[in-house]
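Remarks on the overall topology
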Amino acid sequence: MKKTAFILLSAALLSAAPYTKENRIQDMQTMAKAMGTIETGFFYNNQELINQGASTLIDTIKKVEPPIEEVNEQNPLKKMMDRKIQMTNKIVKYINRKSRVLLERSQSNDMHQATQAYTKIMQKCMECHYKIRKW
């Protein structure tokens, strides 16, 4: 029984596809749409749209991680100087936390705090794009 469970677990881990740049692009597009949905909700005073966008953002940010190309960087100096892996993990945690705050504030009808959380999320997005994508 233990061998069977071990074999199934090993097969599941080996069959899991690595997170690539293409996966990250798809996730970024999903998050951009979610941010647009949140913004539309603010403009039209539609709490349902805000909650929908925040929920999509929370679900998507959980999947974001450093792509396999960055993890397997062969040049140790470049890997250490770029710090893309550490920065990605830090930003993911921050956006996840602020997205939850945004959702909670929106559900409690505190739109002032919800818009502040949205602004902080957007600032982190721009920081990442500036540092990683060299805008």
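See above for the structure.
Here is what the cut-offs are and how they apply
The residue count restarts for each chain, going from 1 along the sequence in the order it is written. Per-residue local features are limited, in this predicted model, to residues with pLDDT of at least 70; the limit for side-chain atom pairs, both in listing and counting, is 80 or more; totals at the level of whole chains, interfaces and linings are taken over all residues. Calculated side-chain values reflect all of the structure's heavy atoms, with hydrogen atoms and water omitted. Only DSSP runs of H or I covering at least 4 residues are called helices, and only runs of E covering at least 2 are called strands; the numbering of each starts at the N terminus. Here the expected span of a helix is defined as 1.5 Å times the quantity of residues minus one. We call a residue buried when its accessible area falls under 20% of the maximum for its residue type, exposed when it is over 50%, and partly exposed in between, using a 1.4 Å probe and counting protein chains only. The directions considered for the arc are those from the helix axis to the C-beta atoms. Should any heavy atoms of two residues lie within 4.5 Å, those residues are considered in contact. Interaxial angle, 0 to 180 degrees, is taken between N-to-C directions of lines fitted to C-alpha atoms, where a helix line uses only the stretch in contact. The cut-offs work like this: below 35 degrees is roughly parallel, past 145 is roughly antiparallel, 65 to 115 is roughly perpendicular, and the gaps in between are oblique. Two helices crossing with the near one rotated counterclockwise from the far one by less than a right angle form a left-handed crossing, whereas a clockwise rotation gives a right-handed crossing. For this classification, Asp, Glu, Lys and Arg are treated as charged, while Ala, Val, Leu, Ile, Met, Phe, Trp, Tyr, Cys and Pro are nonpolar and the rest, including Gly, are polar. Put simply, buried Ala, Val, Leu, Ile, Met, Phe, Trp, Tyr and Cys residues joined by side-chain atoms within 4.5 Å make one nonpolar core.

1. Looking at helix H7 (residues 111-132)
With 22 residues, H7 ought to run about 32 Å at 1.5 Å a step, and its terminal C-alpha atoms sit 31 Å apart, in line with that. Considered for burial, the residues of H7 that qualify are Met111, Ala114, Ala117, Tyr118, Ile121, Lys124, Cys128, His129 and Ile132. Angular distribution of buried residues about the axis of H7 spans 140°; they occupy a single face of the element. What points out from H7, more than 90 degrees from its buried face, is the exposed set His112, Gln123 and Tyr130. Contact partners of the buried residues in H7: helix H2 (21-43), helix H3 (47-61) and helix H6 (84-107). Note on H7: the residue one or two positions beyond its end, lysine 134, has a positive phi of about 60°.

2. Some words on unusual backbone geometry
With a phi angle near 50°, asparagine 45 is a residue other than glycine that sits in the positive phi range. Along the chain, asparagine 45 falls in the loop between H2 and H3. For asparagine 109, which is not glycine, the phi torsion reads 65° and is therefore positive. With respect to the helices and strands, the residue asparagine 109 is situated in the loop between H6 and H7. Judged by relative accessible area, which is 55%, asparagine 109 ranks as exposed.

3. Notes on the side chain of arginine 24
Considering the arrangement of structural elements, one finds arginine 24 in helix H2. With near-sequence residues (within four places) excluded, arginine 24 lies in contact with Tyr19, Pro67, Glu70 and Thr88.

4. Examining the packing of H2 against H7
Packing of H2 against H7 brings their axes to within 12 Å, and their N-to-C directions diverge by 150°. Our classification of the angle between H2 and H7 gives roughly antiparallel. H7 is crossed by H2, and the crossing has left-handed handedness. Residues Met35, Ile38, Glu39 and Phe42 of H2 form the contact with H7, whose participating residues are Met111, Ala114, Thr115, Tyr118, Ile121 and Met122. Taken together, the residues of the contact of H2 with H7 sort by class into eight nonpolar, one polar and one charged.

5. Looking at the nonpolar core
Judged by nonpolar contacts, the single largest core of 25 residues is most densely connected at Ile38, Phe42, Leu57 and Leu102. Broken down by secondary-structure element, the contributors of at least two residues to this core are H2, H3, H6 and H7. Of all the elements, H7 adds the most residues to this core, at seven residues. Once you skip the residues sitting within four places of it in the chain, isoleucine 38 turns out to touch Leu49, Ile50, Gly53, Ala54, Leu57, Leu102 and Tyr118.

These figures capture arrangement, not role.
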